[in-house]
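Here is what each chain is made of, one letter per residue.
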Amino acid sequence: MTATDERQTLADFAETAGWQRRNVERADYYAKGIVRVQVLWHGAQAISGGSLYHDDILTAYTRDLGTVQTWLRR
């Protein structure tokens, strides 16, 4: 599976879970209530990092796509 497929798969999953998505170049921003998730992509290769915010406070950072997927399951 390519990184582009992973990015689109993550976007599709988030949409079905009720997240609003905004795409700005190599970053995807997801919002649901007071929770936000920011995902940065490294070119077309892989995830560069992801941040989890609660009420605009950074609560977690990861470089693991699986962890970001867990955040979006909420």
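All of these numbers come straight from a predicted model, not from anything done at the bench.

What counts and how
- Residues numbered from 1 in each chain as written.
- Predicted model: local features only at pLDDT ≥ 70, side-chain atom pairs only at ≥ 80, totals over all residues.
- Heavy atoms only, no water.
- Helix = DSSP H or I, 4+ residues; strand = E, 2+ residues; numbered from the N terminus.
- Contact = heavy atoms within 4.5 Å.
- Pairing = 2+ DSSP bridges.
- Axes fitted to C-alpha atoms, helices over the stretch in contact; angles between N-to-C directions.
- Salt bridge = Lys/Arg side-chain N within 4 Å of Asp/Glu carboxyl O.
- Buried < 20%, exposed > 50% of the residue type's maximum accessible area, 1.4 Å probe, protein only.
- Polar contact = N/O pair within 3.5 Å; in protein donor to acceptor, adjacent residues only side chain to side chain.

Trainee: Now, about the environment of S51: what can you tell me, with residues and values included?
Mentor: Tracing the chain through its elements places S51 in strand 4 (residues 46-54). Taking C-alpha positions, S51 is 9.0 Å from R63, a pair spaced 12 residues apart along the chain. With residues near it in sequence (within four places) discarded, S51 still touches R36, V37, Q38, L58, A60, Y61 and W71.

Trainee: Lay out the sheet that holds strand 2 (residues 27-32) with the relevant residues and their values.
Mentor: Taking strand neighbours across the sheet as the criterion, the five strands line up as 1-2-3-4-5 in an open arrangement whose pairing is antiparallel. Since the sheet does not close on itself, it has two edges, and those belong to strand 1 (20-24) and strand 5 (57-62), each with one partner. Across the sheet, the mean angle separating the axes of adjacent strands is 20° when strand polarity is ignored. Relative to strand 3 (residues 35-42), strand 2 runs antiparallel, the two sharing six bridges. Each residue of the ladder has a partner; that of A31, found in strand 3, is R36. On the sheet, helix 2 (residues 65-72) packs against strand 2, strand 3, strand 4 and strand 5 and is oriented at approximately 35° with respect to strand 4.

Trainee: Quick rundown of the pattern of salt bridges? Include the residues and the values.
Mentor: On inspection of all chains with the given rule, the structure shows three salt bridges. Here R7 and D28 are joined by a salt bridge, their closest N and O atoms 3.0 Å apart. Taken as a pair, R7 in helix 1 (residues 3-16) and D28 in strand 2 lie far apart in primary sequence, 21 residues in all. Relative accessible area serves as the criterion here: at 17%, R7 is assigned to the buried category. Among the salt bridges present, the one from D28 reaches R21, with a minimum N-O distance of 3.1 Å.

Trainee: Report on the side chain of T62, specifying residues and quantitative values.
Mentor: As for its position among the elements, T62 is in strand 5. T62 sits in the buried class, given a relative accessible area of 12%. Among the polar contacts made by the side chain of T62, one reaches the main-chain amide nitrogen of D64 at a distance of 3.0 Å. In contact with T62, not counting residues within four places along its chain, are G49, G50, T67, V68 and W71.

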